[in-house]
Amino acid sequence: MVRSIMKDIFFLNQKSQPATKADAQVIQDLLDTLKANKEGCVGMAANMICVKKRIILISMGEMNVPMINPVIVNKSGQYIAEEGCLSLIVN
């Protein structure tokens, strides 16, 4: 199901909970919502569709990759990029 994009900064800043097998529908909702917003979006987190779970979906061309409870295991240097998030409120 295509879901609305959450824009409330307070909600988006809240900590998400670990995902379980019971959250499988969230992945489908992320996929549907990502497809509906493909013109301006290449990835989406569950909190962007009002679900506080640790699930993200990344579009890699024709392939969409869900990540359940992802963990950053390594990083190096500072990464600077322009923010292009659908959840930003644009005036």
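Now for a description of the structure that goes with this document.

Rules used in this analysis
- Residues numbered from 1 in each chain as written.
- Predicted model: local features only at pLDDT ≥ 70, side-chain atom pairs only at ≥ 80, totals over all residues.
- Heavy atoms only, no water.
- Pairing = 2+ DSSP bridges.
- Helix = DSSP H or I, 4+ residues; strand = E, 2+ residues; numbered from the N terminus.
- Axes fitted to C-alpha atoms, helices over the stretch in contact; angles between N-to-C directions.
- Contact = heavy atoms within 4.5 Å.
- Salt bridge = Lys/Arg side-chain N within 4 Å of Asp/Glu carboxyl O.
- Buried < 20%, exposed > 50% of the residue type's maximum accessible area, 1.4 Å probe, protein only.

Describing the sheet that holds strand β1 (residues 43–45)
Pairing is antiparallel across the open sheet formed by 3 strands, whose spatial order is β1-β2-β3. Strands with a single pairing partner mark the edges of an open sheet, and in this sheet they are β1 and β3 (63–68). Here the average twist between neighbouring strands, direction ignored, is 10°. Running over the sheet, helix α2 (residues 24–36) touches β1, β2 (55–60) and β3 and is turned about 40° from β2.

Remarks on the pattern of salt bridges
Considering all chains together, one arrives at 2 salt bridges under this definition. For R3, the salt bridge identified is with D29, shortest N-O distance 3.0 Å. Residue R3 is located in the segment before α1 (9–12), and its partner D29 is located in helix α2; the two are separated by 26 residues in the primary sequence. In this structure R3 comes out as partly exposed when scored by relative accessible area, which is 25%. The exposure class of D29 is buried, given its relative accessible area of 4%.

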